[in-house]
Amino acid sequence: MTDRVFVTRPIPEAGLAELRKVAEVVVRDAPMPPTRDELIAGLRGATGLISLVTDPVDAGVLESAGDLRAVSNFAVGFNNIDVAAATRLGIAVGNTPDVLTDATADCTLMLLLAAARCLRPGLEDVAAGRWRTWEPMGYLGQELAGKTLGIVGLGRIGSAVARRCRGGWGMNILYHNPRPLPDDERELGARFVDLPTLLAESDFVSLHCPATATNRGMIGREQLRRMKPTAVLINAARGSLVDEAALVEACRAGWIFAAGIDVTDPEPPAPESPLLREPNIVVAPHVGSATVVARTAMAARASANVMAALIGQAMPYPVNPGVVLRGGN
Ligand code: DGY
């Protein structure tokens, strides 16, 4: 029987070429994510799934898909997938690490500079025709050179951001992680600190940890109050890490200088969300990995994961390594 792989939305075709040689690939041609019912229907008879961060692949969805052997997320994060349920059901889960590291680190710097240099009010004034003259006292932002960057989650993306800031602006690096990383400390001159110290001492705080069941709202009122009034908070990881009401309050009240966020919770924010009204909060539409190179490579990695699992082999980029795959080849 030919394998059938359901892809929930169009992704770069170049990355699907190899997969198309060995399986029937059904790409759902729609601009919006599937509803849960559409996802369940799409998985009927499918042995593989390429899912996106916008697709909740919960236990019920997985249980409904009796032939499914592989779920490959077109992302490095996989908080949209119930990995425990997949493992219990003998379904391999994979992701696409490494190939989006540079793109996401660049996006982090884009947000950091935009927030630090008051880009949002400036752009809005220009677009609205309010820009009347060179402003000696207007749009005054923060400089980066020699400042302190605090990285929460010094993984692949966090250390790529730290490397850029260290090399480009001679910044001092603090980090907070589940455990110290001596190699990174040597390379980046980074110092391992607890979260309260990082928040109090950093001029820029950048979040790079995965969303888990326990870190929702890890940056809330209490944490924001610890930060410097000149500090900038960047979140290019997951929206759930930040208490958005507290962030609005912090930016409005001047507890911190500004914020740049590529992720919100939910995505997109409601049109009436105060997040969208604060001039010192730059909000991007979850574009960390949105480069041609990164997205094409993500498609190739997502395909490679599915191809491996469909022939009973370990995925090259596994999330649940060692899973005992259901069914035969
Ligand atoms: C990821 O990979 O987890 C991003 O959030 C989507 O590219």
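For the structure itself, look to the data block above.
Let us look at the structure shown here.

Cut-off values and rules
- Residues numbered from 1 in each chain as written.
- Predicted model: local features only at pLDDT ≥ 70, side-chain atom pairs only at ≥ 80, totals over all residues.
- Heavy atoms only, no water.
- 1 Å grid on protein atoms, 1.4 Å probe; cavity = no way out; pocket = protein on both sides within 12 Å on 5 of 7 lines; lining within 4 Å.
- Points joined across faces, edges and corners; volume = space filled by probe spheres on them.
- Nonpolar A, V, L, I, M, F, W, Y, C, P; charged D, E, K, R; others polar.
- Near = heavy atom within 4 Å.
- Polar contact = N/O pair within 3.5 Å; in protein donor to acceptor, adjacent residues only side chain to side chain.
- Areas by Shrake-Rupley, 256 points an atom, 1.4 Å probe, with all protein chains shown as cover.
- Core = buried A, V, L, I, M, F, W, Y, C linked by side-chain atoms within 4.5 Å.
- Buried < 20%, exposed > 50% of the residue type's maximum accessible area, 1.4 Å probe, protein only.
- Helix = DSSP H or I, 4+ residues; strand = E, 2+ residues; numbered from the N terminus.
- Domains from an automatic or database assignment.
- Contact = heavy atoms within 4.5 Å.
- Pairing = 2+ DSSP bridges.
- Axes fitted to C-alpha atoms, helices over the stretch in contact; angles between N-to-C directions.
- Expected span 1.5 Å × (residues − 1).
- Salt bridge = Lys/Arg side-chain N within 4 Å of Asp/Glu carboxyl O.
- Parallel < 35°, antiparallel > 145°, perpendicular 65-115°, else oblique.
- Left-handed = near helix turned anticlockwise from the far one by under 90°.

**Topic: the layout of surface pockets**
Roughly 190 Å³ of volume is contained in the second largest pocket. Along its surface, the second largest pocket is lined by Gly122, Leu123, Asp125, Val126, Trp131, Thr133, Trp134, Glu135, Gly138, Tyr139 and Leu140. Residue composition of the lining of the second largest pocket, by class: 6 nonpolar, 3 polar and 2 charged.

**Some remarks on the site of the ligand**
Neighbouring the ligand are the residues Ala75, Val76, Gly77, Leu100, Arg238, His286, Ser289 and Met298. Between the ligand and Val76, the relevant distance is 2.7 Å, taken from an oxygen atom to a main-chain nitrogen or oxygen of the residue. Interatomic distance of 2.7 Å between a side-chain N/O atom of Arg238 and an oxygen atom of the ligand. Taken by itself the ligand offers 230 Å² of open surface, and the protein chains cover 88% of this. Within the shell around the ligand, the residues separate by chemical class into 4 nonpolar, 3 polar and 1 charged.

**Some words on the nonpolar core**
Counting residues in hydrophobic clusters, the biggest one holds 47 residues, and the most contacted among them are Ile50 and Leu149. Of all the secondary structure elements, the ones that give two or more residues to this core are β1 (3-7), β2 (23-27), α5 (101-116), β6 (148-152), α7 (156-169), β7 (172-176), β10 (232-235) and α12 (292-310). It is α5 that provides the largest number of residues to this core, a total of 9 residues. Split by domain, this core shows at least three residues from each of two domains, domain 1 (4-99 + 291-310) and domain 2 (101-283). Once residues within four sequence positions are removed from consideration, Ile50 is found in contact with Val5, Phe6, Val7, Thr8, Ile11, Leu16, Leu19, Ser72, Phe74, Ala302, Ser303 and Val306. Core analysis: the second largest hydrophobic core is formed by 29 residues, Leu174, Leu207, Leu224 and Ala246 among them.

**What to know about the side chain of Thr96**
In this structure, Thr96 sits in the loop between β5 (92-94) and α5. Judged by its relative accessible area of 0%, Thr96 falls in the buried class.

**Remarks on the sheet that holds β2**
Spatial ordering of the open sheet is given by β2-β1-β3-β4-β5, a layout of 5 strands whose pairing is parallel. Two strands bound the open sheet, and with one partner strand each, they are β2 and β5. Within the sheet, the average angular offset between the axes of one strand and its neighbour, ignoring direction, is 15°.

**Some points on the sheet that holds strand β9 (residues 204-207)**
Here 7 strands make up an open sheet; going across it, the order is β8-β7-β6-β9-β10-β11-β12 and the pairing parallel. A single partner strand is all that each edge strand has here, and the edge strands are β8 (191-192) and β12 (281-283). The pairing of β10 with strand β11 (residues 258-261) spans 4 bridges and is parallel. In the strand pairing of β11, Val232 is matched with Ala258. Sheet contacts for α7: β6 and β7; angle to β6, the most-contacted strand, approximately 175°.

**As for α5**
For α5, with 16 residues, the first-to-last C-alpha span of 22 Å sits near the 22 Å given by 1.5 Å per residue. Of the residues flanking the end of α5, it is Cys118, one or two places downstream, whose phi is positive at about 55°.

**A closer look at the environment of Val57**
Examined against the element boundaries, Val57 turns out to sit in the loop between β3 (48-51) and α3 (59-64). Once residues within four sequence positions are removed from consideration, Val57 is found in contact with Leu39, Leu49, Ser51, Leu62, Asn80, Ile81 and Asp82.

**What to know about the pattern of salt bridges**
On inspection of all chains with the given rule, the structure shows 19 salt bridges. Ionic pairing is found between Glu222 and Arg226, a salt bridge with its closest N-O pair at 3.6 Å. Linking Glu222 with Arg226, this pair stays in helix α10 (residues 221-226), spanning 4 residues, or about one helical turn. A relative accessible area of 51% places Glu222 in the exposed class. Judged by its relative accessible area of 39%, Arg226 falls in the partly exposed class.

**Side note on the packing of α5 against α7**
At a closest axis distance of 9 Å, the pairing of α5 and α7 adopts a crossing angle of 55°. In terms of their interaxial angle, α5 and α7 are classed as oblique. Our pair here, α5 against α7, has a crossing hand that is right-handed. Residue-level contacts link Thr101, Asp102, Thr104, Ala105, Asp106, Thr108, Leu109 and Leu113 of α5 to Arg156, Ile157, Ala160, Val161, Arg164, Cys165 and Trp169 of α7. When grouped by side-chain class, the residues that make up the contact of α5 with α7 number 8 nonpolar, 3 polar and 4 charged.

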